[in-house]
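# Overview (structure and organization)
Here is how the chains run, residue by residue.
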Amino acid sequence: TMVDMMETGILPACAKDMAKYRAMPALAGDREAVYTSIKTETDKLKALMEKKPHELREEASYLCDTVKPQMAAVRALVDKAEGLMEKSVYPYPTYEELIYTHHA
C-alpha cells in the first residue's frame, strides 16, 4: 500500500538524504519541511485507512471521497522530494526511468 511505500522506502530515504546536510544545514533548502510534511500526511492517510467502513458501498465512497484526496496530498509531497533527492537515494524508479528505460 501507499503507507507501506512511505514507511519502508520514502521516509528512510528522506532521513538518509537529510543526514547528508548535518554539517551544512543551510544547504538543505526545503528538505526538512517537505520530508516532515510527508511523514505528517502519511500519518493522516494511515489514520483514514484505519477508519475505512466495511460495507462495500460505503467503503467505495469513503475511498474515493476521503482517502484518494489524501493520497494525492502525499503524492504531491513525494514528487517534491523526488526533485530534492539525489538519484542514488530515491528508493523507487522515477517516471522518466519507467517510461524510457525499456528503450535502452
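For the structure itself, consult the block above.
Note that the structure is a prediction, hence the values are computed from the model and not measured.

### A look at the packing of helix H1 (residues 2–19) against helix H2 (residues 31–50)
- Orientation of H1 relative to H2, taken along the N-to-C sense of each, is 160°, at an axis distance of 10 Å. Judged on the interaxial angle alone, H2 and H1 are roughly antiparallel. Remark: the crossing between H1 and H2 carries left-handed chirality. Contact residues: H1 offers Met2, Val3, Met6, Glu7, Ile10, Leu11, Cys14, Asp17 and Met18, while H2 offers Arg31, Glu32, Tyr35, Ile38, Lys39, Thr42, Leu45 and Lys46.
- For the contact of H1 with H2, the per-class residue count stands at 10 nonpolar, one polar and six charged.

### Considerations on the pattern of salt bridges
- Tallying each qualifying case throughout the model produces seven salt bridges.
- Two residues, Glu86 and Lys20, come together in a salt bridge whose shortest N-O distance is 2.9 Å. Highlighted residues: Glu86 in the loop between helix H3 (56–84) and helix H4 (95–100) and Lys20 in the loop between H1 and H2, separated in sequence by 66 residues.
- With a relative accessible area of 43%, Lys20 lands in the partly exposed category.
- The partner of Lys44 in a salt bridge is Glu41, with the nearest N and O atoms 3.1 Å apart. Taken together, the residues span about one helical turn, with Lys44 and Glu41 both in helix H2 at a distance of three residues.

### Comments concerning H2
- Taking 1.5 Å per residue, 20 residues should reach 28 Å; H2 reaches 29 Å between its end C-alpha atoms and fits that length.
- Along H2, the positions that sit buried rather than exposed are Arg31, Val34, Tyr35, Ile38, Glu41, Thr42, Leu45 and Leu48. With its buried residues spanning 135° around the axis, H2 presents them on a single face. For H2, the exposed residues set more than 90 degrees away from the buried face come down to Glu32 and Glu50.

Calculation rules
- Residues numbered from 1 in each chain as written.
- Predicted model: local features only at pLDDT ≥ 70, side-chain atom pairs only at ≥ 80, totals over all residues.
- Heavy atoms only, no water.
- Axes fitted to C-alpha atoms, helices over the stretch in contact; angles between N-to-C directions.
- Helix = DSSP H or I, 4+ residues; strand = E, 2+ residues; numbered from the N terminus.
- Parallel < 35°, antiparallel > 145°, perpendicular 65-115°, else oblique.
- Left-handed = near helix turned anticlockwise from the far one by under 90°.
- Contact = heavy atoms within 4.5 Å.
- Nonpolar A, V, L, I, M, F, W, Y, C, P; charged D, E, K, R; others polar.
- Salt bridge = Lys/Arg side-chain N within 4 Å of Asp/Glu carboxyl O.
- Buried < 20%, exposed > 50% of the residue type's maximum accessible area, 1.4 Å probe, protein only.
- Expected span 1.5 Å × (residues − 1).
- Arc of directions from axis to C-beta.

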